[in-house]
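# What the coordinates show
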Amino acid sequence: MSKLITILNGPNLNLLGKREPEIYGHETLEDVEKSCARVGKEFGLTVDLKQSNHEGQIVDWVHEARENAAGIIINPAALTHTSVAVLDALNTFDGPVLEVHISQVHKREAFRHHSYVSHRADGVIAGFGVEGYALAMRRMGSLLG
């Protein structure tokens, strides 16, 4: 039986591949979804990738994941540094949570060095470009057996 992994993406990631390619690269969220689906197949995992520019939508999707997902991979984008609401929602989820950042946030502006989400995450992957999502899927496969 396949296990669902919910992959959540925060503000401005709808512009992935178009916005600041020198930082975020040229791949799109569609490319990320295809890559994660390929890796997921190796582990019997399926993916449901979502993106929103709205904090409340991310919270609602975490609540939905409580009912149907085995794990969450989240790139909260700017919400990483600001959202106690996303952290509180993630704290209601019983499965593994992995935090992904495309850029190496610790080499960027000081405000990006703090993550509320990291207080809940079982692991953080940063600085590997969009390949970080595939790495997170591999880790999720290991965690879920």
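Throughout this document, residue positions are counted from 1 along each chain, in the order its sequence is written. Where local features are concerned, this predicted model is filtered to residues with pLDDT of at least 70; where side-chain atom pairs are given and counted, the filter is 80 or more; whole-chain, interface and lining totals use all residues. Values reported for side chains reflect all heavy atoms of the structure, with hydrogen atoms and water molecules removed beforehand.

## Re the overall build of the chain
On a plain count of helices and strands, the chain comes out with five helices and five strands. We count a stretch as a helix when DSSP gives it H or I for four or more residues in a row; a strand needs E for two or more, and each element gets its number in order from the N terminus. If you list the helices and strands of the chain from N to C, you get β-α-α-β-α-β-α-β-β-α. For the chain, the C-alpha radius of gyration of 14 Å lies close to 15 Å, the compact-globule estimate for 145 residues. Principal axes of the C-alpha set define a box for the chain whose edges measure 40 × 30 × 20 Å. Buried, partly exposed and exposed residues are distinguished by accessible area as a fraction of the type maximum, computed with a 1.4 Å probe on protein chains only: under 20%, between the cut-offs, and over 50%, respectively. The buried share of the chain, taken over its 145 residues, is 48%. In this analysis, two residues are considered to be in contact whenever any of their non-hydrogen atoms come within 4.5 Å of each other. Put simply, 78% of the contacts in the chain that link residues at least 6 apart link residues at least 24 apart. Here Asp and Glu are counted as negative and Lys and Arg as positive; His is not counted, and neither are the chain ends. Where a charge sits is defined by one atom per residue type, namely NZ (Lys), CZ (Arg), CG (Asp) or CD (Glu). Between the mean site of the 14 positive side-chain charges and the mean site of the 18 negative ones, the chain shows a separation of 4 Å. Only C-alpha atoms enter the radius of gyration, while the globule expectation follows 2.2 Å times N to the 0.38, with N the number of residues.

## Concerning the sheet that holds strand β3 (residues 71-75)
Either a parallel or an antiparallel arrangement is found when strands of a sheet pair, and the pairing is made through backbone hydrogen bonds. Read from one edge of the open sheet, five strands run β2-β1-β3-β4-β5, paired in parallel fashion. Taken across any chain shown, the strands that pair with only one partner, and hence form the sheet edges, are β2 (45-51) and β5 (123-126). For this sheet, the mean inter-axis angle between neighbouring strands, taken without regard to orientation, is 20°. Orientation is described by lines fitted to C-alpha atoms, with helices fitted over the stretch in contact, and by angles between N-to-C directions that extend from 0 to 180 degrees. Most of the contacts of helix α2 (residues 29-43) go to β2, to which it runs at about 160°, and overall it touches β1 (3-9) and β2. Against the sheet, helix α3 (residues 55-68) contacts β1, β2 and β3, and its axis sits at roughly 175° relative to β1. When DSSP locates at least two bridges between a pair of strands, those strands are taken to pair.

## A word on unusual backbone geometry
Its identity as a non-glycine residue notwithstanding, N12 has a phi of 75°, on the positive side. Tracing the backbone through its elements, the reader meets N12 in the loop between β1 and α1 (21-24). The exposure class assigned to N12 is partly exposed, which follows from its relative accessible area of 34%. Here the phi dihedral of A77 falls at roughly 55°; this positive angle occurs in a residue that is not glycine. Following the sequence through the fold, A77 ends up in the loop between β3 and α4 (84-90).

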